[in-house]
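# Chains, contacts and geometry: an overview
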Amino acid sequence: MQRYDRLKRIQRMDPETEFTEIYRISSWYEFPWDYTQSLGFALYRTYAVPSIGGLLARTGEFTLRTQKRYDDTLLILEAVVEHGFDSSQGRAAIRRMNQMHRRYDISDDDYRYVLSTFVVTPRRWIDDYGWRRLSPHEVRAGVNYYRELGRHMGLSAIPETYEEFERLLDDYEREHFAFDPGARAVSDATLGLMASWYPAPVRPSMRLSSVCLLDDPLREAFGYPAPPAAVRRAVRAGMRLRGRFVRLLPPRRRPHLGRDGWQVRSYPGYPYGYRISDLGTFGGKGSPDPSSGGCPFPHASSSGGPGTPGSAEPGADRGAGSGGG
């Protein structure tokens, strides 16, 4: 297999009907590290919107259990990519995600904005730092993939094109980015988590490197001072150099999912298995309580309807670290 053979395969596929498979090829084989990093930064961007970052701070989940929230988010979203929207595992993952979200008063505008970060941020990241730019087929497949995810979340008025997603993201951030103490605490915890994945002596440098990768509006919304210009240029140049180096490597023979990385640390039995229905938060009734999962509203009923506990098929929510169901 040659370096561009998978791109040629993608270009023979239809992004309107085969978008999930195109997305798998891009995120598992062509750009696994870049997708993991860029989707992490996509979620991180949302914290700078006070209605999102402030809510996450009030639950206590992203400040007290940052590693577990990272792992849960990655594993839930990845289950849909791996197994597909119509699979029992994919449905279980979407159900688990919707169960958690429906306990909070989150606007559809915020949901659509979060969806736009998942579409736009990877494209911008890979175009800047990847070993090649995303092809139009890959961009369109990403749009269709997240449009489908949005429909499964019950959203309406979802943008139809990449340009519409990009305009939504830029306009929303111009209007809503602002400093919020709770959001800053969530940001600090997230940067601390990313630094914790490296040996202690280099953690301050890794945290500074992360700040160097933030655009100015995002950095300013969190109240971080601007890094030295020379350091910022060096970090970004190093990222681009990495992309050029990866271009010289042979194509990946085996898929690399986000859960294959050493950053996933919350599940003692991993990678031998975990239940999708056990991922995420399970707060108690009443007001927010970090010790009980931070859920500010009562649990949904167990009637078996869409998005409620008890509606998964028996045995349908088993996710295996080896890729099995």
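Residues numbered from 1 in each chain as written. Predicted model: local features only at pLDDT ≥ 70, side-chain atom pairs only at ≥ 80, totals over all residues. Heavy atoms only, no water.

### Digging into the environment of Asp171
- Residue position: Asp171 is located in helix α10 (residues 162-176).
- Separated by 58 residues in the primary sequence, Asp171 and Tyr113 place their C-alpha atoms 9.7 Å from one another. (Helix = DSSP H or I, 4+ residues; strand = E, 2+ residues; numbered from the N terminus.)

### A word on the pattern of salt bridges
- The full count for this structure, using the stated rule, is 22 salt bridges.
- As a salt-bridge pair, Glu21 and Arg24 come within 2.9 Å of each other at their nearest N and O atoms. With Glu21 and Arg24 both in helix α2 (residues 19-30) and 3 residues apart, the pair spans about one turn of that helix.
- Given a relative accessible area of 28%, Glu21 falls into the partly exposed group.
- Among the ionic pairs, Asp216 bridges to Arg232, the shortest N-O distance being 2.9 Å. (Salt bridge = Lys/Arg side-chain N within 4 Å of Asp/Glu carboxyl O. Buried < 20%, exposed > 50% of the residue type's maximum accessible area, 1.4 Å probe, protein only.)

### A look at the nonpolar core
- Core analysis: the largest hydrophobic core is formed by 79 residues, its most contacted members being Tyr44, Tyr145, Tyr146, Leu149 and Phe222.
- Among the elements that make up this core, the one with the highest residue count is helix α8 (residues 108-129) (10 residues).
- Once residues lying within four places of it in the same chain are set aside, the contact partners of Phe222 are Tyr44, Tyr47, Ala48, Phe179, Ala183, Arg184 and Ser187. (Core = buried A, V, L, I, M, F, W, Y, C linked by side-chain atoms within 4.5 Å. Contact = heavy atoms within 4.5 Å.)

### Things to note about the packing of aromatic side chains
- Evaluation of the coordinates by the stated rule reveals 17 aromatic pairs.
- Ring centres of Tyr23 and Tyr35 lie 5.5 Å apart, and the angle between their planes is 75 degrees; this geometry places the pair in the edge-to-face category. Linking Tyr23 in helix α2 with Tyr35 in helix α3 (residues 32-46), this pair joins segments that are 12 residues apart in sequence.
- Residue Tyr23 is classed as buried on the basis of its relative accessible area of 5%.
- In this structure Tyr35 comes out as buried when scored by relative accessible area, which is 5%.
- Pairing Tyr44 with Phe222 gives two aromatic rings, centres 5.1 Å apart and planes at 50 degrees, and the pair type is tilted. Taken together, the residues Tyr44 in helix α3 and Phe222 in helix α13 (residues 216-222) connect sequence positions 178 residues apart.
- Given a relative accessible area of 1%, Tyr44 falls into the buried group.
- Taking NZ or CZ as reference, Arg123 lies 4.6 Å from the ring centre of Tyr162, over its face. (Phe/Tyr/Trp six-rings, centres within 6.5 Å; stacked < 30°, edge-to-face > 60°. Lys NZ or Arg CZ within 6 Å of the ring centre and 35° of its normal.)

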